[in-house]
Amino acid sequence: MHSGSAAKPFLLALPKAELHLHLEGSIEPSTLVELRQRHGMDGASLAEVEQLYHYADFTGFLMAFKDVTGHLRTPEDYELITYRLMERLKSENVLHAEVFVSAGVCLWRKQDFAAIFAGLERGRVRGERDFGVSLLWIFDAVRQFGVEKAEKVVDLAIQFRERNVVGFGIGGDERQGPPELFKAVYARAADHGLHLTAHAGENDGPESIWGALNLKAERIGHGLTAEQDPELIEELAERQIPIEICVTSNVRTGCCADLAKHPVRRYFDEGLMLTLNTDDPAMFRTSLVEEYRLVQETFGFSDEHLRELARNSFEASFLPPDKKVQFLDLFDATVLRS
Ligand SMILES: [Zn+2]
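Here the structure is a predicted model, which means the values were calculated and not measured.

A.B. asks: Which parts of the structure should I look at to understand the coordination of the zinc ion?
C.D. replies: Reference geometry at the metal: tetrahedral coordination by four donors gives ideal angles of 109.5 degrees; octahedral coordination by six donors gives 90 or 180 degrees. With distances of 2.1 to 2.3 Å, the protein atoms coordinating the zinc ion are H20 (NE2), H22 (NE2), H199 (NE2) and D279 (OD). Around the zinc ion, the 4 donor atoms sit at angles spanning 83 to 173°, and that spread fits a shape best called irregular. Each donor residue of the zinc ion belongs to the same chain, and together they define the spacing H-x1-H-x176-H-x79-D. Linking H22 in strand β1 (residues 16–22) with D279 in the loop between β8 (274–276) and α14 (288–299), this pair joins segments that are 257 residues apart in sequence. By relative accessible area, which is 6% here, H22 ends up buried.

Now the structure itself:
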């Protein structure tokens, strides 16, 4: 559950960034009820909506995610969920977030994406003004929708590049969309100055992570199965490729069968560059403070270790260099004072 209030004050006070966070997975059940009522949909009680957030495995989760996106109809819906997300980030002292938008799902639903993006930006601007949180967008393509659809998502990311869209990524079912298919898509995104990330090694083996590196992904989402390949671990450590670790997500989707066996601590000890993230905080009933608390309690990370992970989250961000330095200076000043 969201135990931000029960967490140590240190974790709350620690300035944090979040780099792997899906907007559509951040919608609290109460907001989903509001959206259902807004659109005159049946089954608008809290209990019915909470039912949506229960699933047995990774495929079940992907289905639930699709279901949730079905509640997002208008630009105002997107504005609302962006603003609510930023409010929550502020309450956990998350100063900066890079947020995935499933642009591929909007296209699939034949929504007017320019209008939706205007709603997203209104939410972002209001959220920044009211909560002082910095937010950049990453457009995410659904790999099982295929390469042509991913091309269209890159088109949109290029189109809105000047309006806080900082990167491109692929997510969804790795087994139905291996990275090799997306080589040209990634190259074109990079040519247009977009940063690159990829979900990899979440529900498929280490070869999927090698594939993401071949796409020139600058960060790896999850990287859960890297531990099966010592050579890959060495490569990731040597190149200090940031890994967007999402512990609760991996357990809830069943990608990691047992929390105690999650590789986060082994990765840390091997010198990998790690960041902690929630992935879909509402859908996985977690928060970023909870993720820090969880790894500390389960794997014995010290406060000093957690400071390092929090600092990594700014270091591994796609912020422009001057902004990144500002955040790191602020981080160092705050942490040295504490
Ligand atoms: Zn994700």
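Following the structure, the description resumes.
A.B. asks: What's the story with the sheet that holds strand β2 (residues 94–101) in this structure? I'm lost.
C.D. replies: Two strands in a sheet stick together by hydrogen bonds in their backbones, pointing the same way (parallel) or opposite ways (antiparallel). Read across the open sheet, the 8 strands follow the order β1-β2-β3-β4-β5-β6-β7-β8; overall the sheet is parallel. For this open sheet the edge positions go to β1 and β8, each flanked by a neighbour on one side alone. Across the sheet, the axes of successive neighbouring strands diverge by a mean angle of 25°, strand direction being ignored. When strand β4 (residues 165–171) meets strand β5 (residues 195–200), the two strands line up parallel, connected through 2 bridges. When the sheet's bridge partners are listed, G167 is paired in β5 with H195. Seen against the sheet, helix α5 (residues 75–91) touches β1, β2 and β3 (134–142) and runs at an angle of roughly 145° to β2.

A.B. asks: In this structure, what is going on with the pairing of β4? I would like to understand it.
C.D. replies: Walk down a regular strand and you will see the side chains alternate between the two sheet faces. With 7 of 7 residues buried, β4 lies mostly within the body of the structure. Taken together, the 6 bridges between β3 and β4 define a ladder with parallel strand orientation. For F139, the partnering residue across the bridge sits in β4 and is F168. In terms of handedness, the path from β4 via helix α9 (residues 183–191) over to β5 forms a crossover that is right-handed.

Cut-off values and rules
Residues numbered from 1 in each chain as written. Predicted model: local features only at pLDDT ≥ 70, side-chain atom pairs only at ≥ 80, totals over all residues. Heavy atoms only, no water. Donors = N, O, S within 2.8 Å, 3.2 Å for Na, K, Ca; no water. Tetrahedral: all angles 85-135°; square planar, octahedral: opposite > 155°, others 65-115°. Helix = DSSP H or I, 4+ residues; strand = E, 2+ residues; numbered from the N terminus. Buried < 20%, exposed > 50% of the residue type's maximum accessible area, 1.4 Å probe, protein only. Pairing = 2+ DSSP bridges. Axes fitted to C-alpha atoms, helices over the stretch in contact; angles between N-to-C directions. Contact = heavy atoms within 4.5 Å. Right-handed = clockwise from strand over helix to strand, strands pointing away.

None of the figures reported here should be taken as evidence of function without further support.
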